[in-house]
Amino acid sequence: MERKAIWGMVLTLLIITMLPMAFNIHPVRAPLVTDLNGDGKVDGKDIAVVGLAFGSYPGHERWNPAADINHDDRIDGMDLSMVARDFGKTDP
Ligand SMILES: [Ca+2]
Ligand SMILES: [Ca+2]
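Residue positions within a chain follow its written sequence, with the count starting from 1. Both sets of labels track the order of writing: A upward for chains, 1 upward for ligands. Only residues with pLDDT of 70 or above have their local features reported here, since the model is predicted, and side-chain atom pairs are shown and tallied only from 80 upward, although totals for entire chains, interfaces and linings are computed over all residues.

Visitor: Hey, could you run me through the overall build of the protein chain in this one?
Guide: A run of H or I in DSSP counts as a helix once it spans at least four residues, and a run of E counts as a strand once it spans at least two, with each numbered from the N terminus. Along its length, the protein chain carries three helices and zero strands. For the protein chain, the succession of helices and strands along the chain, N to C, is α-α-α. Exposure criterion: with C-beta atoms placed from backbone coordinates, a residue whose C-beta has 20 or more other C-beta atoms within 10 Å is buried, one with 12 or fewer is exposed, and one in between is partly exposed. Classification of the 92 residues of the protein chain by burial places 14% in the buried group. Taking the intrachain contacts of the protein chain between residues at least 6 apart in sequence as the baseline, contacts between residues at least 24 apart amount to 42%. Any pair of residues counts as being in contact when their C-beta atoms, constructed from backbone geometry, are within 7 Å of one another.

Visitor: Whenever I open this one, the nonpolar core confuses me. Can you help?
Guide: Nonpolar side chains in soluble globular proteins tend to end up buried together. Core analysis: the biggest nonpolar cluster contains eight residues, these being Leu-36, Val-42, Val-49, Val-50, Ala-53, Ala-67, Ile-75 and Val-83. In terms of residue count, helix α2 (residues 44-53) provides more of this core than any other element does, three residues in total. Setting aside residues up to four positions removed in sequence, Val-50 forms contacts with Ala-67, Ile-75, Asp-79, Leu-80 and Val-83. A set of buried residues qualifies as a nonpolar core if it consists of Ala, Val, Leu, Ile, Met, Phe, Trp, Tyr and Cys joined through C-beta atoms within 7 Å.

Visitor: Can you help me understand the environment of Ala-53 in this one?
Guide: Within the fold, Ala-53 resides in helix α2. Distance in space between the C-alpha atoms of Ala-53 and Asn-64 is 6.0 Å, their sequence separation being 11 residues. With residues near it in sequence (within four places) discarded, Ala-53 still touches Arg-62, Trp-63, Asn-64, Ala-67 and Ile-75.

Visitor: I would appreciate a short explanation of α2 in the present structure.
Guide: For an α-helix, 3.6 residues make a turn, and residues three or four places apart therefore share a direction. Three or more residues of α2 are buried, namely Asp-46, Val-49, Val-50 and Ala-53. Axial view of α2: buried residues confined to an arc of 90°, hence all on one face. Within α2, the exposed residues directed more than 90 degrees away from the buried face are Gly-44, Lys-45 and Leu-52. This arc is built from the directions going out from the helix axis to the C-beta atoms.

Following this line, the structure appears as structure tokens:
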């Protein structure tokens, strides 16, 4: 009976320690999509990448697929606001 209780505790502790690890794999590895120049942080340079391609679409001379963050084939205020929202964030 006592042995069963100890195993139950060990199993509970194991689950408690393993669960956060299982859930952390994806958020930690997820790249910062608004870090457009890939330097590990979202700052004015990334805003500039969207700014340079602003108003463009596929086939346009200034089109930059990386700046189309929401993948709607338009570089507009939506993409700019997404970068602005992540401003100051760093890649974990
Ligand atoms: Ca950046
Ligand atoms: Ca877009």
